[in-house]
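Examination of the molecular architecture
Chain residues, written in single-letter form:
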Amino acid sequence: MVQNFQWIDGSTDDPQDLCAHGDVTVTVGERELSYSCCASAAALRMLKTLTEDHLIEPHGPQMLPCCGHFLIADKSLENVYIDGCDYGVDYAVVHQGDAVELTTEDGEKFLVDLGDYRRQVLAFAQQVEDFYNRCSPKVIPEDEFDRNGYLTFWKEWHRRVRAEEEKLRSLSRGQKEAPEA
């Protein structure tokens, strides 16, 4: 859940700023993890965890990152790495069949149904995208590195959202979820 959406300067609309911020609260089992963070980076990281494990690493990317200084597109312009500072809140996400195990930074573990986790992540991502859609269109950077990073961010975002929404539709039709490769 996100509250107080804003851009880095505190405004509610800034066509130059590419990263949405807000007060994000994630419920992990019985725990609530809250942080005022780069909500757009957090949402993409969470979308990635629907198909990939995320481990807590010293100086690694956090699930609720303070910032996202650089959007670094891969060579194929299909995926983006978001580089930021060392501040934020992290938790691990490890797939275990039809569930994910979420582990907080202090080692507390919770097993969550993958379908429920998917629905929560997609709802969070939709909140973030809705904020972007309520704001003025973004000024696409002229610098090739920055432009590729931003455009690849949304390309990966939409590809992941579409794939996960299709999984939900398949599951609602009674099809069993295929294990991740």
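All values reported here derive from a predicted model rather than from experimental measurement.

Cut-offs and rules
Residues numbered from 1 in each chain as written. Predicted model: local features only at pLDDT ≥ 70, side-chain atom pairs only at ≥ 80, totals over all residues. Heavy atoms only, no water. Salt bridge = Lys/Arg side-chain N within 4 Å of Asp/Glu carboxyl O. Helix = DSSP H or I, 4+ residues; strand = E, 2+ residues; numbered from the N terminus. Buried < 20%, exposed > 50% of the residue type's maximum accessible area, 1.4 Å probe, protein only. Disulfide = S-S within 2.5 Å. Axes fitted to C-alpha atoms, helices over the stretch in contact; angles between N-to-C directions. Parallel < 35°, antiparallel > 145°, perpendicular 65-115°, else oblique. Left-handed = near helix turned anticlockwise from the far one by under 90°. Contact = heavy atoms within 4.5 Å. Nonpolar A, V, L, I, M, F, W, Y, C, P; charged D, E, K, R; others polar. Core = buried A, V, L, I, M, F, W, Y, C linked by side-chain atoms within 4.5 Å. Pairing = 2+ DSSP bridges.

Quick notes on the pattern of salt bridges
Any two side chains of opposite charge can pair, on the condition that their charged atoms come close. Here the structure, examined in full by the defined rule, presents 12 salt bridges. In this structure, the salt-bridge partner of Arg159 is Glu78, at a minimum N-O distance of 3.5 Å. Of this pair, Arg159 sits in helix H3 (residues 144–172) while Glu78 sits in the loop between strand E5 (70–73) and strand E6 (80–83), placing them 81 residues apart in sequence. When its relative accessible area of 30% is taken as the criterion, Arg159 is described as partly exposed. For Glu78, a relative accessible area of 28% corresponds to the partly exposed category.

With respect to the state of the cysteines
Under the definition given, this model contains 0 disulfides. Note on Cys85: no disulfide assigned, nearest cysteine sulfur contributed by Cys67 at a separation of 3.3 Å.

Focus on the packing of helix H1 (residues 39–48) against helix H2 (residues 114–134)
Put simply, H1 and H2 touch, their axes get as near as 9 Å, and they point 150° apart. The angle between H1 and H2 places the two elements in the roughly antiparallel class. Once H1 is placed against H2, the crossing between them reads as left-handed. Within the contact between the two elements, H1 uses Ala39, Ser40, Ala42, Ala43, Met46 and Leu47 and H2 uses Tyr117, Val121, Leu122, Phe124, Ala125, Val128 and Tyr132. Looking at the contact of H1 with H2 residue by residue, the classes come out as 12 nonpolar, 1 polar and no charged.

Focus: the environment of Ala43
Its place among the elements puts Ala43 in helix H1. Taking the C-alpha atoms as reference points, Ala43 and Met63, 20 residues apart in sequence, are found 8.3 Å from one another.

Details of the nonpolar core
Core analysis: the biggest nonpolar cluster contains 46 residues, and Met46, Leu47, Val128 and Trp157 have the highest contact counts within it. Of the residues forming this core, the biggest block, 9 residues, is contributed by H2. The contact partners of Leu47, leaving out residues within four places of it in the chain, are Val121, Leu122, Ala125, Trp157, Arg160 and Val161.

A few points about the pairing of strand E10 (residues 109–113)
The sheet contact formed by strand E9 (residues 99–104) and E10 spans 5 bridges and is antiparallel. Pairing of Thr103 across the sheet is with Lys109, part of E10. With antiparallel pairing between neighbouring strands as the criterion, E9 and E10 make up a hairpin whose turn holds 4 residues, including Gly107 at a positive phi of roughly 95°.

Some words on the sheet that holds E10
Pairing is antiparallel across the open sheet formed by 3 strands, whose spatial order is E8-E9-E10. A single partner strand is all that each edge strand has here, and the edge strands are strand E8 (91–96) and E10. Strand-to-strand twist in this sheet, taken as the mean axis angle between neighbours without regard to direction, amounts to 25°. Bridge count between E8 and E9: 6 bridges; the pairing is antiparallel. Within E9, the residue paired with Ala92 across the bridge is Thr103. The strands touched by H2 within the sheet are E8, E9 and E10, with E10 carrying the most contacts at an inclination of about 85°.

Some thoughts on the packing of H1 against H3
Interhelical geometry of H1 versus H3 gives an angle of 45° and a closest axis separation of 10 Å. Taken as axis vectors, H1 and H3 run oblique relative to one another. Note that H1 runs across H3; the crossing there is left-handed. Residues Ser40, Ala43, Leu44, Leu47 and Lys48 of H1 form the contact with H3, whose participating residues are Phe153, Glu156, Trp157, Arg160 and Val161.

What about unusual backbone geometry?
Phi at His59 is positive, roughly 60°, even though this residue is not glycine. Relative to the helices and strands, His59 resides in the loop between H1 and strand E4 (64–65). Phi is positive for Leu77, which is not a glycine, with a value near 60°. Along the chain, Leu77 turns up in the loop between E5 and E6. Taking the relative accessible area as the measure of exposure, Leu77 reaches 33% and is therefore partly exposed.

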